[in-house]
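Topology and contacts: notes
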Amino acid sequence: MLGKLFKHEWKASIRVYGLLYILAAIFTVAVILYNQVFKNFAEGLESKWLQGILVSIESVLVIGYVLVLLAVNILTFIYLIYRFYQTMVCDEAYLTHTLPVTTGQLIIVKSVMAFCFQILSIIITIISILSLVMASGEWNAMISEFSHIIQGIKESGFWCGNLAITIILGVLLIIVSSFFGIFTYYMCICAGNLFHSHKLLGSVVVYFIFQFVMNILSVLLVIFGMWTVEKRLKHMGGFTENAYMLDEWISSIQPPEILSFVNSYLFLGFLIIAAGTTILFFVSRYLLKNKLNLA
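Residues numbered from 1 in each chain as written. Predicted model: local features only at pLDDT ≥ 70, side-chain atom pairs only at ≥ 80, totals over all residues. Heavy atoms only, no water.

**Side note on the overall build of the chain**
Rule in force here: Runs of H or I in DSSP of at least four residues are treated as helices and runs of E of at least two as strands, each being numbered from the N terminus. When accessible area is computed with a 1.4 Å probe and restricted to protein chains, residues below 20% of their type maximum are described as buried, those above 50% as exposed, and intermediate ones as partly exposed. The contact criterion used is simple: two residues touch if any of their non-hydrogen atoms lie within 4.5 Å. Residue burial considers only the protein chains on display, and all accessible areas are found by Shrake-Rupley using a 1.4 Å probe.
Each helix and strand in the chain was counted, giving 9 helices and 0 strands. The helix and strand sequence of the chain, counted from the amino end, reads α-α-α-α-α-α-α-α-α. In the chain, which comprises 295 residues, the share counted as buried stands at 34%. The contacts in the chain between residues at least 6 apart in sequence include a share of 78% that link residues at least 24 apart. With the model as given, the accessible surface of the chain reaches about 18,000 Å², and the carbon-plus-sulfur share is 73%.

Here's what the structure looks like:
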């Protein structure tokens, strides 16, 4: 049943996003065709009137292209939040909660599909931009610049095993942060459902209160992090508050040691956000399972 639920959720969402992805493909091709066929032709025209029309067409294509890419990335998240609201706490919830799956499984399916469509939207955006770069003839220059960056990292000594750990931790941090954002909206929607009327407004109020609390906690964590960083740096490479040769101090620290230092904070950040995500999941599940109000 869980597999069928994933399939149903995919079909319901792709109907909306399929149109956005098609529009992104159309505008990408249109911009490429204009740059390849009409742009040089427009510049060679003697008629200012015709040249103005072609320039206007170019402006419309560029503006449309930017708006479509924004829609692909912004509306993706907005719609998935709206779909959770509609199917979990509104009229459609009567049918949703009669399915032979647990409340936790419903939330997991919704969150996984939200994450997948976020990733898919990012991939669509990257492919579109890379297509424009390739069509413009800048692909080789971009590859060359990327190669220079890689070579610079190798020469600096940062190309080591700790760098792989940094990349892995960075990816994990991005993933868990995405789920934290998703569950934040889910929890606020579930909490807003506790209001007898104006549930959507209640969700917005809960969201702003939650963000206020999170901002305070974030500031406290940053202060604590800066304090711990200062304490740890004092024990690295002979650092003291009276050190006047900062460049020499930095050069005395080996790249693997620096990456190891960074990795420890990335891992700590991952644990904190993962814990917060877990809490939000269980709070959302509890509210839907025990406090659901469909009246």
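**Considerations on the confidence of the model for the chain**
So the rule is basically this: For every residue, the predictor assigns a confidence score, pLDDT, that lies between 0 and 100.
The pLDDT averaged across the chain works out to 80; a share of 80% of its residues lies at or above 70. Ranking the helices and strands of the chain by mean pLDDT puts helix α6 (residues 161-192) first, with 90, and helix α8 (residues 246-252) last, with 53.

**Things to note about a nonpolar patch on the surface**
Spelled out, the test is: Patch criteria: residues need more than 30% relative accessible area and no salt bridge. Like-charged residues are merged within 9 Å; nonpolar side chains of Val, Leu, Ile, Met, Phe, Trp and Tyr are merged within 5 Å. Any Lys or Arg side-chain nitrogen found within 4 Å of a carboxyl oxygen on Asp or Glu counts as a salt bridge.
Residues Leu201, Val204, Val205, Phe208, Ile209, Phe212, Val213, Ile216, Leu217, Val219, Leu220 and Ile223 make up a contiguous nonpolar surface patch of roughly 1,100 Å² in combined accessible area. Relative to the helices and strands, isoleucine 209 is located in helix α7 (residues 199-233). The class for isoleucine 209 is exposed, based on a relative accessible area of 52%.

**Things to note about the side chain of arginine 83**
Residue position: arginine 83 is located in helix α2 (residues 48-88). Looking at arginine 83, the relative accessible area reads 11%, which means it is buried. Apart from the residues within four sequence positions on either side, arginine 83 is in contact with His8, Glu9, Ala12, Ser13 and Lys110.

**Here's the deal with the layout of surface pockets**
The cut-off we apply is this: Only protein atoms enter the calculation, which uses a 1 Å grid: trapped sets of points that fit a 1.4 Å probe without letting it out are cavities, open sets showing protein on both sides within 12 Å along at least five of seven lines are pockets, and any residue with an atom within 4 Å of a point is a lining residue. Grid points are joined across faces, edges and corners, and a volume is the space filled by probe spheres set on the points. All amino acids are sorted into three groups, where Ala, Val, Leu, Ile, Met, Phe, Trp, Tyr, Cys and Pro are nonpolar, Asp, Glu, Lys and Arg are charged, and the leftover types, Gly among them, are polar.
In this structure, the largest pocket spans a volume of roughly 550 Å³. Broken down by secondary-structure element, the contributors of at least two residues to the lining of the largest pocket are α7 and α9 (255-290). When residues in the lining of the largest pocket are grouped by element, the largest group, 11 residues, is from α7. The class makeup of the residues in the lining of the largest pocket is 14 nonpolar, 6 polar and no charged. Roughly 260 Å³ of internal volume is contained in the second largest pocket. Forming the boundary of the second largest pocket are Ile78, Ile81, Tyr82, Tyr85, Tyr185, Cys188, Ile189, Leu200, Ser203, Val204 and Tyr207. Elements that contribute at least two residues to the lining of the second largest pocket include exactly α2, α6 and α7.

**Some details on the packing of aromatic side chains**
We apply this condition: Any pair of Phe, Tyr and Trp rings, taking the six-membered ring for Trp, is counted once the centres come within 6.5 Å. Such a pair is stacked with planes under 30 degrees apart, edge-to-face with planes over 60 apart, and tilted for the rest.
Applying the stated criterion across every chain, the model contains 12 aromatic pairs. For the ring pair phenylalanine 84 and tyrosine 186, a centre distance of 3.8 Å and an interplane angle of 5° mean the geometry is stacked. Within this pair, whereas phenylalanine 84 is found in helix α2, its partner tyrosine 186 is found in helix α6, the two being separated by 102 residues in sequence. A relative accessible area of 2% means that tyrosine 186 is categorised as buried. Through a chain of ring-to-ring contacts, the aromatic side chains of Phe84, Phe115, Phe179, Phe183, Tyr186, Phe281 and Phe282 assemble into a single cluster.

**Considerations on helix α4 (residues 103-136)**
The periodicity of an α-helix, 3.6 residues per turn, causes residues three or four positions apart to be oriented the same way. We count it as follows: Expected span of a helix: the number of residues minus one, times 1.5 Å.
Between its terminal C-alpha atoms α4 stretches 50 Å, which fits the 50 Å expected from 34 residues at 1.5 Å a residue. Two residues or fewer past α4, glycine 137 is found with a positive phi of approximately 85°.

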